[in-house]
Amino acid sequence: MKSFLVLVLLTLVTLTKTIGQPINFKIYSPTGGFLKIMYGTNKKPDTTYYLKNNKLVASLKESDIYVKAGEHNDTIRISSFYTANEQPALNYTLVRKGKELQYVDYSGYEPSGELIGYAHNLNAGKGILLVKDRDAMGVEIYRGGNKIAQYGLARVEQERLIVFPVGNVKKSQGVLNMEGDVVIPVEYDLVRLEEHVFIVKNDLQKWGAFDINGKALVPFDYDDLIPRENMVVTWINVRNNDKENYGLYDKEGNMITAPVNPLIDFSAGPMPVMGADGNYGFVDENAKMVTPFEYKYVRNFSDGLAAVANQKGEFGFIDNSGKLVVPYKFFSVVMNFENGKARVSESRFKKAYAIDKQGNKIVDP
């Protein structure tokens, strides 16, 4: 990047020799230091420079980056793009203020796609500036034309900035948007973004969750959170019959079940979960309840059906949609459905027998 900026400088210096007395403008370079651009006062249409490995070539076909530079009214614009997909690699828009220039908009990307710089509407007095000092990135926040805050930058995620305070302070983390507004306060021990949800750990080592805009989704009550495509799985470090306990929230922040379930598994179909009243229901992998919390006992789905018991303790079977397809008439289920058959019993005193998926008795061979 540094050699590329030097090349832009050289080409622009050459350009100024033909268009009048040059003026020196000093522009901050996100790769460190300053880039001094020599640019003439006379108006001239954009000039395009084609580069391959940071060297001038004759045509777009030969290049990997092309650079446009030009002056229009009181604005100087320099930009370059990857020719493969025209993603901006550098994009400066600057406006003259007296004999100086100040940022209007700036964004920069390393060839790998990593964001190295960004500024927004600093001439309007509000915005952010990402600056790079050696190998470290920082964020400066501007309001009313003045810098009001400064942070270190941990990383950029989905147009959100995960930042931490600079200076001799506790290295907590928070989240800003690309305007510099606080999305999540910079006060947490750790912030990570997974499946479009910010998972955040507080100073008590408990985890909570926020959505991409900072709305609180999950309170700080859990030892860990595991975001999935349509839900957030909660976990607490409490053993229940030697099994870890899990719960579920949807992505809107609604609790589906507290962490009282021994596992999270949708491989066979909707999963049974316990409600606050101790009854069971079924939830699907989209975090939608397939049935209410109405069953006294349940079993996992197997072969497309699940055994459920009503409040009287009578067993029947439901399908994946929650429809009761085998009526409540059994005392117990000895074996779940497998290959179209299940084994049930009508009372503790009667022998178990096989049934088909309609609940009809199958005569044992």
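Scroll up for the structure.
Report on the accompanying structure. (Residues numbered from 1 in each chain as written. Predicted model: local features only at pLDDT ≥ 70, side-chain atom pairs only at ≥ 80, totals over all residues. Heavy atoms only, no water.)

1. Description of the side chain of S345
Within the fold, S345 resides in strand 31 (residues 341–345). Take S345: its relative accessible area is 4%, and that puts it in the buried class. For S345, the contacting residues outside a window of four places in its chain are F330, F331, S332, K350 and A352. (Helix = DSSP H or I, 4+ residues; strand = E, 2+ residues; numbered from the N terminus. Buried < 20%, exposed > 50% of the residue type's maximum accessible area, 1.4 Å probe, protein only. Contact = heavy atoms within 4.5 Å.)

2. Observations concerning the pairing of strand 13 (residues 160–165)
The side chains of a regular strand alternate between both faces of the sheet. Within strand 13, five of the six residues are buried, leaving the element largely enclosed by the surrounding structure. Of the strand pairs in this sheet, strand 12 (residues 146–157) and strand 13 are connected by six bridges, and their pairing is antiparallel. Bridging from a neighbouring strand, V156 pairs with L161 of strand 13. With four bridges joining them, strand 13 and strand 14 (residues 173–177) adopt antiparallel strand pairing. (Pairing = 2+ DSSP bridges.)

3. Description of the pairing of strand 16 (residues 190–194)
Sheet topology places strand 16 next to strand 17 (residues 197–201); five bridges connect them, and they run antiparallel. By the bridge assignment, L190 is partnered in strand 17 with K201. Counting the residues between successive antiparallel strands, the hairpin from strand 16 to strand 17 contains two residues, one of them, E195, with a positive phi of roughly 50°.

4. Observations regarding the packing of aromatic side chains
To describe a pair of aromatic rings, one takes the distance between the centres and the angle between the planes. Per the counting criterion, the structure on display carries eight aromatic pairs. Seen from their ring centres, Y188 and F210 are 6.1 Å apart, and the 55° between their planes marks the pair as tilted. Here the residue Y188 occupies a position in strand 15 (residues 182–188), and F210 occupies one in strand 18 (residues 207–211), the gap between them amounting to 22 residues. For Y188, a relative accessible area of 10% gives the class buried. Judged by centre distance (5.4 Å) and plane angle (80°), the ring pair of F282 and F301 falls under edge-to-face. Of this pair, F282 sits in strand 25 (residues 280–283) while F301 sits in the loop between strand 26 (297–298) and strand 27 (306–309), placing them 19 residues apart in sequence. Its relative accessible area of 5% is what places F301 among the buried residues. Counting every residue linked through ring pairs, the aromatic cluster contains Y188, F210 and F220. Directly above the aromatic system of W207 lies the positively charged group of R192, at a separation of 4.6 Å from the ring centroid. (Phe/Tyr/Trp six-rings, centres within 6.5 Å; stacked < 30°, edge-to-face > 60°. Lys NZ or Arg CZ within 6 Å of the ring centre and 35° of its normal.)

None of this, on its own, says anything about what the molecule does.
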